[in-house]
Amino acid sequence: MLVLVAPGQGSQTPGFLTEWLELPGAADRVAAWSDAIGLDLAHYGTKADADEIRDTAVAQPLLVAAGLLSASALGDIAPGAVAGHSVGEITAAALSGVLDDAAALSLVRKRGLAMADAAAITETGMAALLGGDPEVTVPHLEKLGLTPANINGGGQIVAAGTMEQIAALEADKPEGVRRVVPLKVAGAFHTHHMAPAVETLAEAAKALAPADPKVAYVSNKDGEAVASGAEVLERLVGQVANPVRWDLCMETFKELGVTALVELCPGGTLTGLAKRALPGVKTLALKTPADLDAARELIAEHAA
């Protein structure tokens, strides 16, 4: 059984879309998306520097566009399940048929702008903690006023809060944590700092007509497979200000009997977590079009 997964913010790097735009029809498709949402995706995916694509309002649409583009390059495939990490959930919603591509890009553009506005209210950030025991780490974060915004499994938790709180964490790591790594994001996502964005996104969601997912859609909220398109959309809205439970998503992959995981462009982060948390599951990250043939071979062996 195959699961397709889409990465979240922080996985983007300068120029990562360049080779994908050389595929037949890709440049025209991205140009149409750019016109529709008022953002030059091709420029940001090929020429922009790290600071430019760190901007939440840019990074989020760019990542969803990359995910959809790389998924289409795989051809007609039949995953048993889909999931996305944070903003990758919107990519997963499109892959499962809950939203069409146009609706997904429109929603993520509004999400990125709303979260950027919320992040501008207070200087906040996120940092990954490598190593440690969640039962020790989470209370320590709460003591410092931080939120365990991403509980990723595989020995990784991402903390979020003000920059002062992040600095305090770097000076006072939880027992067992080897390193605290600041992330290339521009706010404390999936925390109460994002409450204003939830209201904006809820209003935007009213204009959408979600369909029920055609394959299992595994939600960040609690790792549950959601069968209702309306509930998927409701969860997408609320998840902006609530922790990502990728650890529970991977537990559900186990329960579903997943045997292979393919991470869409810009892949790497989620396959790394899967290698540690899902022993025996074959993984492949789509980083450039050179990875497509190997991905197709893996899909042919494991797709439904």
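Just above, that's the structure.
Student: Sorry, what's going on with the overall build of the protein here?
Tutor: On a plain count of helices and strands, the protein comes out with 13 helices and 10 strands. Its C-alpha atoms give the protein a radius of gyration of 18 Å, near enough to 19 Å, the size a compact globule of 304 residues would have. With the principal axes as the frame, the protein shows a C-alpha extent of 50 × 45 × 35 Å. Buried residues in the protein amount to 54% of all 304 residues. Within the protein, contacts between residues separated by at least 24 positions form 73% of all contacts whose residues are at least 6 apart in sequence.

Student: Help me understand the sheet that holds strand β10 (residues 282–285), please; the structure alone is not making it clear to me.
Tutor: Two orientations exist for strands paired in a sheet by backbone hydrogen bonds: parallel and antiparallel. One open sheet accounts for 6 strands, arranged β8-β7-β2-β1-β9-β10; its pairing is mixed. The sheet terminates laterally at β8 (225–226) and β10, the two strands that pair on one side only. With 4 bridges joining them, strand β9 (residues 260–263) and β10 adopt parallel strand pairing. Each bridged residue has a counterpart across the sheet, and for V262 the counterpart in β10 is L284. Sitting on the sheet, helix α5 (residues 88–95) is in contact with β1 (2–6), β2 (81–84) and β7 (216–218), with an inclination near 155 degrees to β2.

Student: Is there a simple way to think about the environment of A300 in this case?
Tutor: Looking at where A300 falls in the secondary structure, it is placed in helix α13 (residues 292–302). A sequence separation of 191 residues divides A300 from R109, and the C-alpha atoms of the two residues are 34 Å apart.

Student: What am I meant to see in the environment of L256 here?
Tutor: Inspection of the secondary structure puts L256 in helix α11 (residues 246–256). Setting aside its immediate chain neighbours within four residues, L256 contacts M1, A81 and V218.

Student: What should I look at first to understand the nonpolar core in this one?
Tutor: Buried together is how nonpolar side chains tend to be arranged in soluble globular proteins. Core analysis: the largest hydrophobic core is formed by 74 residues, its most contacted members being L41, L105 and L286. No other element matches helix α4 (residues 56–73), which puts 10 residues into this core. If we skip the residues at most four places from it in the chain, L286 touches W20, S70, L74, V262, E263, L264, C265, P266, G267, D291, L292 and A295. Grouped together as the second largest cluster of nonpolar side chains are 18 residues, V218, C249, M250 and L273 included.

Student: Can you help me understand the side chain of H140 in this one?
Tutor: Along the chain, H140 falls in helix α7 (residues 134–143). Of the residues examined, H140 reaches a relative accessible area of 13% and is grouped as buried. Only 2.7 Å separates the side chain of H140 from the backbone oxygen of D172, close enough to count as a polar contact. Leave out the neighbours within four places in its chain, and H140 touches D172, K173 and P174.

Student: Before we go on, may I ask you to explain the packing of aromatic side chains in this structure?
Tutor: To describe a pair of aromatic rings, one takes the distance between the centres and the angle between the planes. Per the counting criterion, the structure on display carries 1 aromatic pair. An angle of 80 degrees between the planes, with centres 5.8 Å apart, marks the rings of W246 and F253 as edge-to-face. As far as burial versus exposure is concerned, W246 and F253 are alike and both buried.

Student: Quick question: what am I supposed to make of the side chain of N150 here?
Tutor: Mapped onto the elements, N150 comes out in strand β4 (residues 147–153). Setting aside chain neighbours within four positions, we find N150 in contact with H85, M126, Q156, I157, V158, H190 and V244.

Student: Explain the pattern of salt bridges here, please?
Tutor: Side chains that differ in charge, positive against negative, can pair when their charged atoms come close. Counted under the stated rule, the structure contains 7 salt bridges. Linking E203 and K206 is a salt bridge whose minimum nitrogen-to-oxygen distance equals 3.2 Å. Across the pair K254 and E251 runs a salt bridge whose closest N-O atoms are separated by 3.3 Å. With K254 and E251 both in helix α11 and 3 residues apart, this pair spans about one turn of that helix. On the basis of relative accessibility, which here comes to 45%, the residue K254 falls in the partly exposed class. E251 sits in the partly exposed class, given a relative accessible area of 38%.

How each quantity is defined
Residues numbered from 1 in each chain as written. Predicted model: local features only at pLDDT ≥ 70, side-chain atom pairs only at ≥ 80, totals over all residues. Heavy atoms only, no water. Helix = DSSP H or I, 4+ residues; strand = E, 2+ residues; numbered from the N terminus. Rg over C-alpha atoms; globule rule 2.2 N^0.38 Å. Buried < 20%, exposed > 50% of the residue type's maximum accessible area, 1.4 Å probe, protein only. Contact = heavy atoms within 4.5 Å. Pairing = 2+ DSSP bridges. Axes fitted to C-alpha atoms, helices over the stretch in contact; angles between N-to-C directions. Core = buried A, V, L, I, M, F, W, Y, C linked by side-chain atoms within 4.5 Å. Polar contact = N/O pair within 3.5 Å; in protein donor to acceptor, adjacent residues only side chain to side chain. Phe/Tyr/Trp six-rings, centres within 6.5 Å; stacked < 30°, edge-to-face > 60°. Salt bridge = Lys/Arg side-chain N within 4 Å of Asp/Glu carboxyl O.

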